[in-house]
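Residues per chain, in single letters:
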Amino acid sequence: MRGRDDRRRRFAQWFSLIGLAVLALLLVQPRLEIRDQRLLLTLNAEPFDVVGSVAEMWGRLVSECGSVRRVESTSSVGRTAQALLEHYSPPDSQSARVVRIDLLSEWLLVEATFDDMPPVLVLMRGARGPVERLAIEAIWSGTTYPWRIVPFAAEFLKARAPEVPVALLRCAQPGFR
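Residues numbered from 1 in each chain as written. Predicted model: local features only at pLDDT ≥ 70, side-chain atom pairs only at ≥ 80, totals over all residues. Heavy atoms only, no water.

### So, the side chain of S63
The condition is simple: By definition, any uninterrupted DSSP run of H or I lasting at least four residues is a helix, any uninterrupted run of E lasting at least two residues is a strand, and each is numbered from the N terminus. Any pair of N or O atoms that falls within 3.5 Å is considered a polar contact. Within protein, one atom must be able to donate a hydrogen and the other to accept it, and sequence-neighbouring residues count only if both atoms are side-chain atoms. Residue contacts are counted whenever heavy atoms from the two residues lie within 4.5 Å of one another.
Tracing the sequence through the fold places S63 in the loop between α2 (50-62) and β4 (69-71). Here the side chain of S63 touches G59 through a polar contact of 2.7 Å, landing on its backbone oxygen. Once residues lying within four places of it in the same chain are set aside, the contact partners of S63 are A167, R170 and C171.

Quick look at the structure:
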C-alpha cells in the first residue's frame, strides 16, 4: 500500500512540474525569429541574441584574455588616447571621455563616450613606442541592439585592421550595446 502511495505522489509531483514548465513557457512567450539575417530569441517581447552570446563566451574561452591588460585612463597612454579622440572629429569629439582601455602588444582597444555622439570602440596602434606615435586604425560607432556588441563590432574592426590580435577583440567588455 505504501509503495502505491509513493508512486502516486511522485507521479503527481512530475505532473505538477510539467504543468509549471508549460505555464512558464506560456507566460514568457518564446519565439525564434530571423532579423537582419540572424537568429534572435524573443522572451516576453524582449530580444536575446543567443548565438551572439554563445560566440562571445566561446571567444573568451578560446582566447588568452589574461594577456590583455587594462590601462588606466589617467596614465600617459590614456591621456594621449583621449587627446587623439578629442581631435578626431571636432567639435563633437571634443567631449570625449575614455571609459576603458585594453592593451595587448602594441594595440589598444578604447571605449569612449561623447556628449552628442554615440559611444565608440576605437582600435589604436603604437602603444609600445612613444605615446606621441599612437594612431587610430579603426572605429566602431553606434549601437548593435539587440545583438551582442563584441562579435558584431569585432568582425567590423578586424576587417579594417586585420593585424590586430584577435584576443584583444574577443576579450573586450564594453559597457554599451
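So much for the structure itself; the text now carries on.
### Some thoughts on unusual backbone geometry
Trans peptide bonds make up most of the peptide bonds, and negative phi angles are found at most residues other than glycine. The step from P90 to P91 runs through a cis peptide bond, and the omega angle for that step is 5 degrees. Among the structural elements, P91 can be located in the loop between α3 (76-86) and β5 (97-104). Geometrically, the link from Y145 to P146 is a cis peptide bond, its omega value of 10 degrees lying close to zero. Structurally, the position occupied by P146 is in the loop between β8 (135-141) and α4 (149-160). Positive phi, close to 60 degrees, is recorded for S105, a residue that is not glycine.

### With respect to the sheet that holds strand β3 (residues 46-48)
Convention followed: Here a strand pair is declared whenever DSSP counts at least two bridges between the two strands. Only C-alpha atoms enter the line fits that serve as axes; for helices the fit covers just the stretch in contact. Angles between N-to-C directions range over 0 to 180 degrees.
Read from one edge to the other, the open sheet built from 3 strands follows the order β1-β2-β3, with strand pairing classed as antiparallel. The outermost strands of the open sheet, each flanked by one partner alone, are β1 (31-35) and β3. The average undirected angle you get between the axes of adjacent strands in this sheet is 40 degrees. For β1 and strand β2 (residues 38-43), the ladder comprises 5 bridges, and the chain directions are antiparallel.

### Topic: the nonpolar core
Cut-off, in case you're wondering: The nonpolar core is taken to be a set of buried Ala, Val, Leu, Ile, Met, Phe, Trp, Tyr and Cys residues, with the residues joined through side-chain atoms within 4.5 Å. Relative accessibility decides the category of a residue: with a 1.4 Å probe and only protein chains considered, values under 20% of the type maximum give buried, values over 50% give exposed, and everything between is partly exposed.
By size, the foremost hydrophobic cluster in this structure holds 21 residues, and its most contacted members are L109, L121, L123, L157 and L168. Setting aside residues up to four positions removed in sequence, L157 forms contacts with L109, L121, L123, A138, I139, W140 and L169. A81, L103, L108 and V122 belong to the second-largest nonpolar core, a separate cluster that totals 16 residues.

### Description of the confidence of the model for the protein chain
Selection criterion: Values of pLDDT, which run from 0 to 100, indicate the predictor's confidence residue by residue.
Confidence in the prediction for the protein chain averages 87 pLDDT; 93% of positions are at 70 or higher. The least confident element of the protein chain, judged by mean pLDDT, is helix α1 (residues 2-28) at 78; the most confident is strand β6 (residues 107-113) at 95.

### Looking at the pairing of β5
Most of β5 is tucked away: 6 of the 8 residues are buried. Two elements, β4 and β5, share 3 bridges in a ladder whose sense is antiparallel. Its bridge partner lying in β5, R69 is registered against L103. Bridge count between β5 and β6: 7 bridges; the pairing is antiparallel. When the bridges of β6 are listed, V98 appears paired with A112. Where β5 hands over to β6, the hairpin turn is made up of 2 residues, of which S105 adopts a positive phi near 60 degrees.

### Quick word on a nonpolar patch on the surface
Note the threshold: Patch rule: a residue counts if its relative accessible area is over 30% and it has no salt bridge; like charges are joined within 9 Å, and nonpolar side chains (Val, Leu, Ile, Met, Phe, Trp, Tyr) within 5 Å. For the area figures, the Shrake-Rupley method with a 1.4 Å probe applies, and any residue is considered shielded solely by the protein chains shown. The salt bridge criterion pairs a side-chain nitrogen of Lys or Arg with a carboxyl oxygen of Asp or Glu, the two atoms within 4 Å.
On the surface, W14, L17, L20, L23 and L27 cluster together to form a nonpolar patch covering roughly 580 Å² of accessible area. The topology assignment puts L17 in helix α1.

### Some words on α2
Here is the rule we go by: By definition here, a helix of n residues has an expected span of 1.5 Å times n minus one. The arc in question is the one spanned by the directions pointing from the helix axis to the C-beta atoms.
Helix length check: α2, at 13 residues, gives a terminal C-alpha distance of 18 Å against a target of 18 Å (1.5 Å per residue), a fit within 8%. When we look at burial in α2, the residues that qualify are G52, E56 and G59. Projected onto a plane normal to the axis of α2, the buried residues spread over an arc of 65 degrees and lie on a single side. Those residues of α2 that are exposed and angled more than 90 degrees off the buried face are V51, M57, W58 and L61. On its buried face, α2 is in contact with α4 and α5 (166-170).

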